[in-house]
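Chain by chain, the residues run as shown.
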Amino acid sequence: MRLHKVYPRLSLVSLSLSLPLLPHLPPPFLSLKPSPPPPLSASIFKSTKSVMSFSRFRYLVPINAESAEDGGGSNGSVSSSAAPASAANDAVLGGGYRLPPPEIRDIVDAPPLPALSFSPQRDKILFLKRRSLPPLSELARPEEKLAGIRIDGKCNSRSRMSFYTGIGIHQLMSDGTLGPEKEVHGLPDGAKLNFVTWSTDGHHLSFSVRVDEEDNSSSKLRVWVADVETGKARPLFQSPDIYLNAVFDNFVWVNNSSLMVCTIPLSRGDPPKKPLVPSGPKVQSNEHKNVVQVRTFQDLLKDEYDEDMFEYYATTQLVLASLDGTVKPVGPPAIYTSVDPSPDEKYLLITSIHRPYSFIVPCGRFPKKVDVWTTEGKFVRELCNLPLAEDIPIAFNSVRKGMRSINWRADKPSMLYWVETQDGGDAKADVSPRDIIYTQSTEPLEGEQPRILHKLDLRYGGISWCDDSLALVYESWYKTRKIRTWVISPGSEDVNPRILFDRSSEDVYSDPGSPMLRRTPAGTYVIAKVKKGNQEGIYVLLNGSGATPNGNIPFLDLFDINTGNKERIWESDKEEYYETVVALMSDDNEGELDINQLKILTSKESKTENTQYYIQSWPDKKTCKITNFPHPYPQLASLKKEMIRYERKDGVQLTATLYLPPGYDPVTDDPLPCLVWSYPGEFKSKDAAGQVRGSPNEFPGIGPTSALLWLARRFAILLGPTVPIIGEGDEEANDRYVEQLVASAEAAVAEVVRRGVAHPDKIAVGGHSYGAFMTANLLAHAPHLFCCGIARSGAYNRTLTPFGFQNEDRTLWEATTTYVEMSPFMSANKIKRPILLIHGEEDNNPGTLTMQSDRFFNALKGHGSPCRLVILPFESHGYAARESIMHVLWETDRWLQKYCVPNISEANADLDTCKDSITKAATDSESKVIGATGGGVSELEVLECEIFRSLKKSSL
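Let me sum up the structure you'll find in this document. Counting from 1, residues in each chain are numbered in the order their sequence is written. Thresholds applied to this predicted model are a pLDDT of at least 70 for local features of residues and 80 or more for the giving and counting of side-chain atom pairs; totals over whole chains, interfaces and linings are not thresholded and use all residues. Just so you know, side-chain values use all the structure's heavy atoms and leave hydrogens and water out.

Salt bridge, as used here: a side-chain nitrogen of Lys or Arg that lies within 4 Å of a carboxyl oxygen of Asp or Glu. Evaluation of the coordinates by the stated rule reveals 53 salt bridges. Among the ionic pairs, Asp-306 bridges to Lys-302, the shortest N-O distance being 2.9 Å. In this structure, Glu-751 engages Arg-755 in a salt bridge whose closest nitrogen and oxygen atoms are separated by 2.8 Å. Across this residue pair, the class does not change: Glu-751 and Arg-755 are buried. Residues joined in a network through salt bridges with shared partners are Arg-404, Asp-423, Arg-434, Asp-435 and Arg-459. Each residue is placed in one exposure class: buried if its accessible area under a 1.4 Å probe, protein chains only, is under 20% of its type's maximum, exposed if it is over 50%, and partly exposed if it falls in between.

Compared with the 16 Å implied by 1.5 Å per residue over twelve residues, the 16 Å span of helix α9 (residues 770-781) between its first and last C-alpha is a close match. Here a helix means four or more residues in a row that DSSP labels H or I, a strand means two or more in a row labelled E, and each is numbered from the N terminus. Among the twelve residues that make up α9, eleven are buried, leaving the element largely enclosed by the rest of the structure. Every buried residue of α9 is accounted for by Tyr-770, Gly-771, Ala-772, Phe-773, Met-774, Thr-775, Ala-776, Asn-777, Leu-778, Leu-779 and Ala-780. By definition in these notes, contact holds between two residues if any of their heavy atoms fall within 4.5 Å. Against the buried residues of α9 lie α8 (737-754), β47 (758-768), β48 (788-792), α10 (816-822), β49 (835-840) and α11 (850-862). Here the expected length of a helix is defined as 1.5 Å per residue gap, with one fewer gap than residues.

Quick look at the nonpolar core now. Among the nonpolar cores identified, the biggest contains 60 residues, and Leu-718, Ile-763, Leu-778, Phe-786, Ile-835 and Phe-856 are the most heavily contacted of them. The element contributing the most residues to this core is α8, with nine residues. Joining through side-chain atoms within 4.5 Å is the link that ties buried Ala, Val, Leu, Ile, Met, Phe, Trp, Tyr and Cys residues into a set, and such a set is a nonpolar core.

A few words on the pairing of strand β35 (residues 566-571). Pairing analysis gives five bridges linking strand β34 (residues 555-560) to β35, with the strands arranged antiparallel. Its bridge partner being in β35, Phe-559 is matched across the sheet by Lys-566. The hairpin formed by β34 and β35 contains five residues between the paired strands, and Gly-564 there has a positive phi angle of roughly 85°. Strand pairing is defined by DSSP finding a minimum of two bridges between the two strands.

Now for the packing of α8 against α9. Axis definition: a line fitted to C-alpha atoms, over the contacting stretch in the case of helices. Angles run 0 to 180 degrees between N-to-C directions. Packing of α8 against α9 leaves a shortest axis separation of 10 Å and a crossing angle of 85°. Between α8 and α9, the crossing angle belongs to the class labelled roughly perpendicular. On α9, the residues touching Tyr-737, Val-738, Leu-741, Val-742 and Ala-745 of α8 are Tyr-770, Phe-773, Met-774, Asn-777, Leu-778 and His-781. Classifying every residue of the contact of α8 with α9 by side-chain character gives nine nonpolar, two polar and no charged. Small angles under 35 degrees read as roughly parallel and large ones over 145 as roughly antiparallel, with 65 to 115 read as roughly perpendicular and the rest as oblique. Residue type decides the class: Asp, Glu, Lys and Arg count as charged, Ala, Val, Leu, Ile, Met, Phe, Trp, Tyr, Cys and Pro as nonpolar, and the leftover types, Gly among them, as polar.

With that settled, the discussion passes to the environment of Lys-686. Following the sequence through the fold, Lys-686 ends up in helix α7 (residues 686-689). Separated by 36 residues in the primary sequence, Lys-686 and Asp-650 place their C-alpha atoms 9.5 Å from one another.

Overall, antiparallel pairing links the four strands, which are arranged β21-β22-β23-β24 in an open sheet. Each end of this open sheet is capped by a strand with a single partner; those strands are β21 (403-408) and β24 (451-456). Direction aside, the axes of adjacent strands within the sheet are offset by 20° on average.

Each pair of aromatic rings taken from Phe, Tyr and Trp, with Trp reduced to its six-membered ring, is defined by centres within 6.5 Å and is described as stacked if the planes are under 30 degrees apart, edge-to-face if over 60, and tilted in the remaining cases. A complete count under the given rule lists 22 aromatic pairs for this structure. Arranged with centres 6.4 Å apart and planes meeting at 55°, the rings of Tyr-737 and Tyr-770 form a pair that is tilted. You can see Tyr-737 sitting in helix α8 and its partner Tyr-770 sitting in helix α9, a full 33 residues away along the chain. One exposure class covers both Tyr-737 and Tyr-770, and it is buried. Centroid distance Tyr-796 to Phe-856: 4.5 Å. Interplanar angle 20°. Geometry classified as stacked. Placement of the pair is Tyr-796 in the loop between β48 and α10 and Phe-856 in helix α11, with a sequence separation of 60 residues. The pair Tyr-796 / Phe-856 is uniform in exposure class, with both members buried. Looking at Lys-220, its charged tip hangs above the ring of Tyr-243, at a distance of 5.9 Å from the centre. The criterion is that NZ of a Lys, or CZ of an Arg, lies within 6 Å of the ring centre and within 35 degrees of the ring normal, and then a charge sits over that ring. Above the face of the Phe-555 ring, Arg-568 is positioned so that its terminal group lies 4.0 Å from the ring centre.

This is the structure:
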């Protein structure tokens, strides 16, 4: 039986509704900003003619360029709180964690909003309560780094799990409002809750509880259950010695009264002790000349001791536990990675991994065995036993050999399906078909062979099940960005599959949307068929993001599978709000849904209004608001947000989101210091790269390390400027990476300067991970654009990731020039602008080893470049602890105040002086201006005056 798990990793009011929802995310990941014209300061007017002609005219904006929108507010100058860092401040750059200014700290410390989860019957809603940032002491807990994962030995779970602090239950009333909160009670003081799960009938909740004991000797997880009607919680196991093993799977509802739980074996003793003297050298061999190429994985097993430790923590005893207290061990102890009950509650799909392990790939590629058991633990049959997969090619769309994606059909009681590659898993092999989908009953008759459901020439990408007459099969291919949707009839071999949609995955304008799913009585999710009066046809609901040149306008279409005709039955507000369809709320009955009884959950937000949730009912489309979350940072409630468009010099259309601080008026106020925060992306076509993604009406979510925090410090923020790296046809995008990167940056900077919101001398650039890589490259190859940079958790030397990185699947030896030219490490001698490097000491992201920043810093230092390296103890690729995050913000703010803000008032004064001289020159007689000598105004100065006037006029 299906269940829904609500994980604490979901951020800011993510809704989980017992179905495979995509979390509600903030605006698109930062993309990079294009580059601005050189500074229009008085110093430029004093330059020589040759310097002027190069620096001033190269980035001219066309007269018909898009003009800026009017803004409200007053003074745009930098406040006293944003004063440059003092010499005294420079003197205390040593040890100790620091705090950013109060205006930033207050936003980060604001209490987080709860996560939400609806009951399977949609009649109740959970408010899962959370705390603010964790202390560093939690990250400092010892962790074992084994087989590509990190384990907290005291919890016997993945390390650094976030958690909920409490659960509130609300009844969803018939009028759509929420009833009073009922708190889940009976929990121990200081309980930390994880893996909150509804039973299929919605009568009970299950979750894990851990409590840090005073002596810090143990904080293992126990499984608890709570009665939804009363809110009373209690331990599932009467014995205090049964603990949850949450290294891989944790627990699952088998039926409404029992759970299958992954527990720590009662017979397990103390952890293995590391031998003082090794049994021998560490040896790896490839005498058989196998071709084994792997990316730069981290936290791999290193020796026999690591193998023993991995088995110690990962080995699980499955236990079938009933709500009445009955406990029954099921099967032998093993490393079970997933336990999935069949929809009819009769069988279990059990996946486990076993020896021999590997020292070069993580546990996901270890030998894997998939079995079918009864829910009582009786072995039924082995589906597959796959060998160690060290040799999966690095080319995108390469996969493991043998059976994969083994699952239960959502529309059947206990029917299996899976996929098998026909190309040996190698994406470079040219074969047809490439993948075959098979299906078979759980206990086939003697001699019964698996039935071929569908053959694919691209790589399998999933199935949406409905019934024997309808299922949608997805396939895609990364190299060409092709994506197809097939219509098949699973129960009719005489009905030929047909292509429903065939498009480019990059072409967001053509995205027809995804079918909405309804919940079955078994707890699975299938495509919702809709009945439209007495009309014939197979109707489904397609939920789409609605990308348009003006931004996303989400929609819900009633779509006829047979004819392809569609009717738009719901659409987001185009002008002021951004609305999305989150889930069906009228899916508790079997059969087709009547269009006149349709009920959906929607979200609604605007530039200034936090996301709220509504229930909308047909036929009158009446809406009822069910949440009333406050603004998380009211001090920035009146910030200004605008989605802007501009063009790269090669004609590619670019977009970005421009944020201005509250009260700033670009018409009357002076230009601001500006922070550009971005992340490059790869495309196969210029048209796709130029498409608009995201909505100008989305609420500006501000995370703990967001660039938007500097709106509180009177910065203009250019967030997510698109930085497309395009490789059309057979061309590889990265072969022109630097060229396209710089061109995008030039265009973005030119645009914010043209609008008059950013001072050309005071533009900083920053990014995280691949955005840090981008930042370093821009400071190396476009130093005229930015005054400084902030690079967090990046990789800077691509020769240290020789078997591919990001979306590059050629090796260093196949594309040596590309690897070298893309590496800012190789251009460290060119970086003269100040760069702040920040990195987590325990970074576990493939490719971004901490030594990347160490070595890059030493290279910069060796060439006298202004740089600073901050290594955060206990932090991984993203930063979690409050001390670390506050210090990152302090470091970033100090860097910006020292290298971006200083002399902004003087620079603006220079601009004012320039404008005064321009005005005077413009009013002089033409005879005095043109060809004048001595005390008159030169012809070049007149031309510059006209340029300045054109730029200023276009920005007004």
